[in-house]
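Structural description and commentary
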Amino acid sequence: KIFKNTAFVKDMFTSALEISRFEGAKIKTVSGIRGIIKKALSDTAANGHPGSFRASFEDKILMSDIITCRLWVPVEIKQVCNPVLSLLTSDPEAWKGLRTIAQIRREEQIPIITNKDSVYKPIERIPREFAKLH
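Here's what I pulled together on the structure shown here. Fair warning: this is a prediction, and the values are worked out from it, not measured in the lab. (Residues numbered from 1 in each chain as written. Predicted model: local features only at pLDDT ≥ 70, side-chain atom pairs only at ≥ 80, totals over all residues. Heavy atoms only, no water.)

Quick look at the overall build of the chain now. Along the backbone of the chain there are two helices and five strands. Going from N to C terminus, the chain has its helices and strands arranged as β-α-β-β-β-β-α. Relative to the globule expectation of 14 Å for 134 residues, the C-alpha radius of gyration of the chain, 32 Å, shows a markedly less compact shape. For the C-alpha atoms alone, the extent of the chain along its principal axes is close to 85 × 75 × 25 Å. Evaluated residue by residue, the chain yields a buried proportion of 16% over its 134 residues. Put simply, 59% of the contacts in the chain that link residues at least 6 apart link residues at least 24 apart. Taking the 22 positively charged and 15 negatively charged side chains of the chain as two groups, their mean positions are separated by 8 Å. (Helix = DSSP H or I, 4+ residues; strand = E, 2+ residues; numbered from the N terminus. Rg over C-alpha atoms; globule rule 2.2 N^0.38 Å. Buried < 20%, exposed > 50% of the residue type's maximum accessible area, 1.4 Å probe, protein only. Contact = heavy atoms within 4.5 Å. Lys, Arg positive; Asp, Glu negative; His and termini not counted. Charge placed at Lys NZ, Arg CZ, Asp CG, Glu CD.)

The structure is reproduced here in structure tokens:
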């Protein structure tokens, strides 16, 4: 249901507990109208739809507007240990790591490819002549 700047939104969340966690979160329609989640609706007020809430927007939204809420979820990154076993050889001078592109170009004497459109051009300015002040 849509009023002036307020709308009742359903099917974005599954329960009132989820909505209470995101009260005050910023929401946005695909047409660019910004809004905020105000309060979860009771099941009786939402006609039996759990997860319905009241939201206020900057302008009146349409029934066809899709509402999005950007949420960030913490992701744990696994720590990876990749030991270099070749350093354990008897001759530490025999091991060589990967070379950088600059090292390969220097050793193979490969020139850097330049794009003619990316080269700076000198600025040519025509000297301006102003009328004399009386």
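This paragraph deals with the nonpolar core. Among the nonpolar cores identified, the biggest contains 14 residues, and I27, I37, F53, A55, F57, I61 and I67 are the most heavily contacted of them. When sequence neighbours within four positions are dropped, the list of residues in contact with F53 reads A7, F8, V9, M12, F13, I19, I27, I37, K39, A40 and L41. (Core = buried A, V, L, I, M, F, W, Y, C linked by side-chain atoms within 4.5 Å.)

The strand order across the open sheet built from five strands is β1-β4-β3-β2-β5, with neighbouring strands paired in antiparallel fashion. Each end of this open sheet is capped by a strand with a single partner; those strands are β1 (6-9) and β5 (67-68). Pairing of strand β2 (residues 26-29) with strand β3 (residues 34-40) involves three bridges; the strand directions are antiparallel. In the strand pairing of β3, K28 is matched with R34. (Pairing = 2+ DSSP bridges.)

Alternating positions in β2 separate cleanly, I27 and T29 being buried on one face and K26 and K28 remaining unburied on the opposite face. Hairpin remark: β2 followed by β3, antiparallel, with four residues in the connecting loop; positive phi at G32, about 100°. Sheet topology note: the β2/β5 ladder contains two bridges and is antiparallel. When the sheet's bridge partners are listed, K28 is paired in β5 with T68.

Turning our eyes to something else, we now look at the environment of D11. Here D11 shows up in the loop between β1 and α1 (16-21). As a C-alpha pair, D11 and V119 span 108 residues in sequence and 55 Å in three-dimensional space. Sequence-distant contacts of D11, that is, excluding residues within four places in its chain, are made with H49 and G51.

If you trace the backbone, T29 turns up in strand β2. Judged by its relative accessible area of 3%, T29 falls in the buried class. A polar side-chain atom of T29 sits 3.0 Å from a polar atom in the side chain of S31. Excluding its chain neighbours within four sequence positions, the residues that come into contact with T29 are F57, I61, D65, I66 and I67. (Polar contact = N/O pair within 3.5 Å; in protein donor to acceptor, adjacent residues only side chain to side chain.)

Once that is clear, we can look at the pairing of β1. Side chains A7 and V9 project from β1 onto a buried face, and the interleaved T6 and F8 project onto a face without burial. Here β1 pairs with strand β4 (residues 53-57) via four bridges, running antiparallel. Paired with A7 across the two strands is A55, which belongs to β4.

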